[in-house]
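# Architecture at a glance
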Amino acid sequence: MSAPRLPPLPVIRDILKLYNLSAIKRLSQNFLLDQNITNKIVAKAGKISGAEVLEVGPGPGGLTQSILRQVPERLIVVEKDKRFKPTLEMLADSFGAINGKMDIMYDDILKTNMESLFSLEKKRNWNDKPPDIFVIGNLPFNLATHLIIKWLHAISEQRGLWAFGRTKMTLTFQKEVAERLVAQPLENQRCRLSVMAQTWTFPVLRFIIPGKAFVPKPDVDVGVVSFTPLVKPRTQHDFKFFEMITRHVFSFRQKYSVRCIETLFPKELRKDLGLMMYKLADLDPTLRPTQLTIEDINRLATAYKYLLEKHPELKLYNYRSSRHLLPLNDTKNVVVQDCAEMLEENVGMSI
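Parameters at a glance
- Residues numbered from 1 in each chain as written.
- Predicted model: local features only at pLDDT ≥ 70, side-chain atom pairs only at ≥ 80, totals over all residues.
- Heavy atoms only, no water.
- Core = buried A, V, L, I, M, F, W, Y, C linked by side-chain atoms within 4.5 Å.
- Buried < 20%, exposed > 50% of the residue type's maximum accessible area, 1.4 Å probe, protein only.
- Domains from an automatic or database assignment.
- Phe/Tyr/Trp six-rings, centres within 6.5 Å; stacked < 30°, edge-to-face > 60°.
- Helix = DSSP H or I, 4+ residues; strand = E, 2+ residues; numbered from the N terminus.
- Lys NZ or Arg CZ within 6 Å of the ring centre and 35° of its normal.
- UniProt positions renumbered as here; feature names shortened; annotations may be inferred.
- 1 Å grid on protein atoms, 1.4 Å probe; cavity = no way out; pocket = protein on both sides within 12 Å on 5 of 7 lines; lining within 4 Å.
- Contact = heavy atoms within 4.5 Å.
- Expected span 1.5 Å × (residues − 1).

### Some thoughts on the nonpolar core
- Core analysis: the biggest nonpolar cluster contains 69 residues, and Leu54, Trp151 and Phe173 have the highest contact counts within it.
- Two domains each provide a minimum of three residues to this core, namely domain 1 (12–229) and domain 2 (239–323).
- Counting 38 residues, the second largest nonpolar core, distinct from the first, contains Leu33, Phe95, Ala213 and Phe214.

### Remarks on the packing of aromatic side chains
- Throughout the structure, instances matching the rule amount to eight aromatic pairs.
- Ring plane angle 80 degrees and centroid distance 6.0 Å describe the contact between Phe118 and Phe164, whose orientation is recorded as edge-to-face. With Phe118 in the loop between strand S4 (101–106) and strand S5 (133–137) and Phe164 in the loop between helix H5 (141–156) and strand S6 (168–174), this pair connects stretches of sequence that are 46 residues apart. Across this residue pair, the class does not change: Phe118 and Phe164 are buried.
- Look at Phe173 and Phe227: their rings are 6.0 Å apart centre to centre, the planes differ by 70 degrees, and that puts the pair in the edge-to-face class. Placement of the pair is Phe173 in strand S6 and Phe227 in strand S9 (residues 222–229), with a sequence separation of 54 residues. The pair Phe173 / Phe227 is uniform in exposure class, with both members buried.
- Aromatic rings pair up to connect Trp200, Phe239 and Phe242 into one cluster.
- In this arrangement the basic side chain of Lys255 is found over the ring face of Phe252, its NZ or CZ atom lying 4.7 Å from the centre.

### Remarks on the UniProt feature "binding site: S-adenosyl-L-methionine" (unreviewed entry) in the protein
- This chain's UniProt record puts "binding site: S-adenosyl-L-methionine" (unreviewed entry) on Asn30, Leu32, Gly57, Glu79, Asp108 and Asn138. Residues that both appear in the annotated list above and line the largest pocket are Asn30, Leu32, Gly57, Glu79, Asp108 and Asn138.
- Relative to the assigned elements, Asn30 resides in the loop between helix H1 (12–18) and strand S1 (31–32).
- Apart from residues no more than four positions distant in its own chain, Asn30 is found in contact with Asn138, Phe141, Phe214, Val215, Pro216 and Pro218.
- Along the chain, the position of Asp108 falls in the loop between S4 and S5.

### A few points about helix H10 (residues 267–281)
- Compared with an ideal rise of 1.5 Å per residue, which puts 15 residues at 21 Å, H10 spans 21 Å between its outermost C-alpha atoms and is within 8% of the ideal.
- Regarding H10, the residues found buried are Leu269, Arg270, Leu273, Gly274, Met276, Met277, Tyr278, Leu280 and Ala281.
- Looking at the residues trailing H10, positive phi occurs at Asp282, about 55 degrees.

Take a look at the structure:
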């Protein structure tokens, strides 16, 4: 028995003219009108027929139409701009004509209670295969990076959408950001975003969309990236702690990575404790940030945590602040001497 088919729908270009809709620059809106491309995005998302799907920022509904043609069990769209209400309601009515269910939420995706969106019967254990839940979105450029970091944090704690299991995402980013997300060690695009994405998920750059496919045409091309959460993350550290270490690692991309790690410590202790961390982690301090693997950064995070356990006062230092709470003159010799003894006691430690 063949799947039900949607009734004929007007093309997005005609919908924009009919409702006199145009992109708003301050919302970083760019409409994707090519149905072949929207179909390709949905195909790369996986088998959504019979699944529950969240679309982020549907706008006039170009990508929405491609999702509905695959007949998901349910589609939830979250749209901030209420100008698109007539077009989205038209799509919901069309889907309802074949007994499909499409829910429209006019909300900011950053503030949406994600865990309330899906059916509990879709929930799976983390170690099982991903649930029949998918996230798809043509994200505004000004939101994409912030949103993926927020969602990676949620993945690390298995909350929100990821309380249902290892929910997959397929999202658009500026081409440069997409390339950063998947960049491997030694590649020029390798950065903090690469490490954070690859520590908790398996990101894949599916294809590049030329900027001319969008209205209005952006100054950059766009990359489509899919994310599958890992069963076991590549660090045992808390997300914010690991992100902080990673941020320091990439603070001076062209310098030796030890120079970056030194910024964790006050100037008077910097060289000694920077080298101490590399010795504890059994790493070469002359490695550049882009040469470090996730496992290397994880070892540095473990080394730093070890130093904090021995000398909690080090945590009070913030190199971005002009005022530091650490009593440097009184503690410098003690900290350096204690750390040297720690190293001597823990040569060969598993870190």
